[in-house]
Each structure stands twice: as structure tokens, then as C-alpha cells.
Amino acid sequence: MRRVDPYSVRLFVSAARAGSIVRAATQEHIAPSALSRRIADLEHAFGTPLLIRSPRGIAPTDAGRMVLARGEKIDDELQALLREVQAAGDAVRGTVRLYANMSAVIGFLPERLKAFMAACPEVEVLLQENDTRDVIQACLDDRADVGIGVDTPVPAGLESWPFASDPLQVVLPAGHALARRKALGFAQVLEQPLIGVHQGGALDRSLHERAAGLHRPFAPTVSVSSFDAVCRMVEAGLGIAVIPQSAAAAYAGNPRFVRRPLDEAWAARELRMYALRKSPRARAVAALIGSLQG
């Protein structure tokens, strides 16, 4: 199938309307010889003459009249498209698929998303909560435009940006024997009945690894699926828990609880944003990344 160039169609329409190659060339700001070559290429593409040439000027053939009628519509549509794109200017619109881990959703995203949506009201954000491992995989699979999770080494092909600092804390019921301490080491925590959260998740895996490094088991007496459930178990006196500061502030920020820093270097937990490397990046996605950076 031969290629039909839209610009050549536009030049043919201009020439057919003007009845003259020279007049059309002047209108279109192109040399008459170049315009004539364009029309000759178009005739070659269609496989038939489109113009009758004579000393008195030019006139369309039967095929040329067909091309003129359709070509006028094509040119009008292209010009309308050009105006629409130019009118869009710097407007940011579209849909962004955002995957985020539990602590990001609880502790930071509500206020930041509210500010972003106020600044970019024509952008729709589809938020889905997932474990960090699943967040990163969704970015790699291009199922997520932006992901937020715990700072971790990631495969090539992903970019990342800082999002928030979310250190780990120990949550205890008010009146607990360890509540008098200003900070707690992980070895002290492991001596107590523990409440675990999201078995197999990023935090659960990390605590198991750190306990193994101390040659101790991390064996929660109760394991639940959400941070609010963890705090209810702590409040009831079933044990203590290690959770992110964001979750502790959201669910254990009243006098029935005591919150203490986990005194370990690895407890300085950072959250980052991740996205598949793309150039250029969709304007809505770039705007969200810029707005959410911590």
C-alpha cells in the first residue's frame, strides 16, 4: 500500500482551489517546483492523474475531485487537531495508577493526594494498596505508573525518588514494664509477647531477618493483617509490636498506648517512590511524582 502524505494532500487541495500551481505555492509559502513535485508524488501514490494541466491553468480530474472533497475534510480535521493540542497547552490531565504500601497509605498519602488533586483537578489517581515487593513488581510490569514502598535495592529499569522518613517504633500498652524506658533495643523487644502484622510482608520479613541475626526467633503470639488491628491487640494487653511511626501515630496516639523508638540503626526506615524509566514521562505521572516527593 502506497503512502499518502497529508501535507501533499493539503498542497493539492490548495492548488485545486486556486486553479494555479503558482498561486497555490504563494499561499502555502513553498516554491512552485516543490509544490508541483509534491502533487506528482501524490498522483503516483494514487496511481492516476489528479490534475488536468493546460496553458490556462489546472483543473481536477474525476479522481482529483474525489481527492479534493475528501482532502478538504482531512485538512480541516488535522487543523482542528492542531488547535486542540495547542489549546491544551500546559494543562495536566489523565489517569495515574498509583500502588503504595500500607504505611504510605495510612501515614502520608491522604494529605499529599488531597493537595495534588487540588492542584491538578483533571488528573484521576487510581490508588491500590500492596506490599512493597508487589508494588515494585507492578512498576516493572507497567501495571503501576508510580509505586511507593520501603527503600530497597531495585532492578535496573526503575527510577526512584525520596518519599518520606518512617522509622520503626515499639508500641506498648500504658503501664507496661518497658514503658519507663526512653528507647528499646530489638533484643529487649524479642523477650516480650509480640503482635505481628501482615505475615510475609516487607516489615514481617525484615523483623524475621533481624531476629535471625541475633540468633533469636521472631515468633508473634498473634499475627493480624492491619496496623489498626495490631494496636487493638496491644491495647488489650496481648503483647507489644514493632510498627512504622506513621501507623503508630494514626492508631496508637492516645493515653492507652506508649510509643518508644526502636533503638537500632536499621530502624531508620525510609519510603521511596518508584517508576519504570520512561522518556518522556506522561505529564500527569510526572506531576504526581513531583508533588509527592518528600
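This one's a predicted model, so the numbers in the text were calculated from it and none came from an experiment.

**Structural notes on the environment of Asp 204**
Then, number 1: Relative to the elements of secondary structure, Asp 204 occurs in helix α9 (residues 202-213).
Then, number 2: Between the C-alpha atom of Asp 204 and that of Val 242, which follows or precedes it by 38 residues, the distance is 9.6 Å.
Then, number 3: Apart from residues lying up to four places away in sequence, Asp 204 is in contact with Val 197, His 198, Gln 199 and Phe 218.
Then, number 4: At a separation of 2.9 Å, a polar atom in the side chain of Asp 204 contacts the main-chain amide nitrogen of Gly 200.

**As for the sheet that holds strand β11 (residues 257-261)**
Then, number 1: Taken in spatial order, the 3 strands make up an open sheet running β10-β7-β11, and their pairing is antiparallel. Each end of this open sheet is capped by a strand with a single partner; those strands are β10 (241-244) and β11. Shown here is a sheet whose adjacent strand axes are inclined to one another by a mean of 35°, direction ignored.
Then, number 2: Inspection of the sheet shows strand β7 (residues 168-173) paired to β11 by 5 bridges, in the antiparallel sense. In the strand pairing of β11, Pro 173 is matched with Phe 257.
Then, number 3: Strand contacts of helix α10 (residues 227-235): β7, β10 and β11, with the helix running at about 145° to β10, the strand carrying the most contacts.

**Remarks on α10**
Then, number 1: For α10, the set of buried residues is Phe 227, Val 230, Cys 231 and Val 234. Each buried residue of α10 lies within a common arc of 95° when the element is viewed along its axis, so the set occupies one face.
Then, number 2: A positive phi of about 85° marks Gly 237, the residue just after α10.

Reading the values: the criteria
Residues numbered from 1 in each chain as written. Predicted model: local features only at pLDDT ≥ 70, side-chain atom pairs only at ≥ 80, totals over all residues. Heavy atoms only, no water. Helix = DSSP H or I, 4+ residues; strand = E, 2+ residues; numbered from the N terminus. Contact = heavy atoms within 4.5 Å. Polar contact = N/O pair within 3.5 Å; in protein donor to acceptor, adjacent residues only side chain to side chain. Pairing = 2+ DSSP bridges. Axes fitted to C-alpha atoms, helices over the stretch in contact; angles between N-to-C directions. Buried < 20%, exposed > 50% of the residue type's maximum accessible area, 1.4 Å probe, protein only. Arc of directions from axis to C-beta.

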